[in-house]
Amino acid sequence: MADLLQSIIESGPGKVVAKRVGVPEATELRRWEPGQPLLDGPALLLGEGRLRGEVDRVLRAAGAAVLETPPPGEGERLGAVVLDASGITSVDGLRELYEGFGPVLRSIGASGRALVLGTPPAAVEDVEEAVAQRALEGFTRSLGKELRKGATAQLVLVKPGAEDRIESTLRFLLSSKSAYVDGQVVQVDGGDATDPADWERPLDGQVAVVTGASRGIGEAIAEVLARDGAHVVCVDVPAQGEALTKVANRIGGSALQLDVTADDAGQTLAEHAKERHGGVDVVVHNAGITRDRTLGRMSDDEWDVLMAVNLAAPVRITDTLLDTGALNEGARVVCVSSVNGIAGQRGQANYATSKAGLIGLVQAQSPKLAPSRTINAVAPGFIETQMTAAMPLFTREAGRRLNSLNQGGQPVDVAETIAWLSSPASGGVTGQVVRVCGQMLLGA
């Protein structure tokens, strides 16, 4: 769907008017393409915490040029600024953030990256150090709102002892695969993780199941997981059978027509996975519907059918895959939630309830699946899909603007985030909710 406001802004007269009234421009985001380098420019590495050595190793292993001092003048644009703040133990020490980012903020190039690394406050015994580490979140979220030209900021909190689990997360957040992920906090713990032989195909030999895979975000998820090496079992209702088969054939996967709300859906999926593939390594609960209505006018069916598809099915299917042994050791489960499940939305009480429930599933199952398996959620914001294209004009345009990147995301942005969480190397990330929303300015 065309971005109407951006089209107007990019016209000759529109540029003049937009500049005069201060309308923010949306920079075309750098998204991943085969053979693309990790960064579009060198990485400036700052800070003297416990993570610096590993960060330096990862950057160099990924082919990035690493600087330890800012480049002279304003000619060279930085691909990233990474500050290891894990060594900050006091309120006074927080000045390191100001001194580190302040002088180089304007040197961060288009679609550049600002990354702060710290320690989970709950893992720190000293009170002032815990205070300082918690303060990193406020700084990073504010930093993301000051960056321009598609640049993003993230905070990675690494539990002591999990320093060797950060590579997958760093590679994702620094790369163009995280184009629409902004202002997020990701925690890395000590779960089981295995680095891939080839970082371009981290899912080689894996079997992935994606529900709701016949179109939209589900189709994009299936495509990206297949690109990364997985055999994808594409699942959708029989009514979508023709479209589902086309997707599966195009990506070299297989199609399974299945109503996820059926009583035996979990058992059918488990038997299919075990008999055809020896089990499943990645499960993406993407199937979902909307039945928008204000609560006072909502029918029983509009509540019940949505809850059955969006929430009850993922809960039941996950349990069945576990109980039957179809969910392999080292498996990754990812639920597609929504920012509306975090912030709520008028006319979507049923939808927001179901998407918040998925976050509950992640939080409840995470400790039970650890340390071998993981479960996480992604929470998309305004993503350009058939559903958002059907919104009223002004609602749609407002949705595109209410984030730090001043634009809507693409289905591939959600898919790339899920692919990162699905990697065997991402075992240190579990129980997390990662928003793919360009850092929404309201609610979430």
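Residues numbered from 1 in each chain as written. Predicted model: local features only at pLDDT ≥ 70, side-chain atom pairs only at ≥ 80, totals over all residues. Heavy atoms only, no water.

K.L.:
Any details on the pattern of salt bridges? Residues and values, ideally.
P.N.:
Going through the model one piece at a time under the given rule, you end up with 23 salt bridges. E163 serves as the salt-bridge partner of R50, at 2.5 Å between the closest nitrogen and oxygen. Of this pair, R50 sits in the loop between β1 (43-46) and α3 (52-61) while E163 sits in the loop between β5 (152-158) and α6 (167-174), and the two are 113 residues apart along the sequence. When its relative accessible area of 33% is taken as the criterion, R50 is described as partly exposed. One salt bridge connects E167 with R57, and the closest N-O pair in it is separated by 2.8 Å. Here E167 is found in helix α6, whereas its partner R57 is found in helix α3, with 110 residues between them in sequence. Here E167 falls in the buried class, since its relative accessible area comes to 5%. Look at the salt bridges and you will find they share partners, linking E54, R57, E167 and R171 into a network. (Salt bridge = Lys/Arg side-chain N within 4 Å of Asp/Glu carboxyl O. Helix = DSSP H or I, 4+ residues; strand = E, 2+ residues; numbered from the N terminus. Buried < 20%, exposed > 50% of the residue type's maximum accessible area, 1.4 Å probe, protein only.)

K.L.:
An account of the packing of aromatic side chains is requested, with residue identities and associated values reported.
P.N.:
Under the criterion given, the structure shown has 2 aromatic pairs. Both rings, one in F101 and one in F139, keep their centres 5.7 Å apart while their planes meet at 45°; by these two values the pair is tilted. Of this pair, F101 sits in helix α4 (residues 95-101) while F139 sits in helix α5 (residues 127-146), placing them 38 residues apart in sequence. Given a relative accessible area of 2%, F101 falls into the buried group. Residue F139 is classed as partly exposed on the basis of its relative accessible area of 23%. Taking the centre distance of 4.6 Å and the plane angle of 5° together, the rings of F172 and W420 count as stacked. Here the residue F172 occupies a position in helix α6, and W420 occupies one in helix α15 (residues 411-422), the gap between them amounting to 248 residues. Judged on exposure class, the residue F172 and its partner W420 are both buried. Residue placement shows K177 over the ring face of W32; its charged tip is 4.9 Å from the ring centre. (Phe/Tyr/Trp six-rings, centres within 6.5 Å; stacked < 30°, edge-to-face > 60°. Lys NZ or Arg CZ within 6 Å of the ring centre and 35° of its normal.)

K.L.:
Report on the side chain of Q439, specifying residues and quantitative values.
P.N.:
Following the sequence through the fold, Q439 ends up in the segment after β13 (433-436). Every residue in contact with Q439, bar those within four places of it in the chain, is listed here: R141, G144, K145, D182, G183, N403 and S404. (Contact = heavy atoms within 4.5 Å.)

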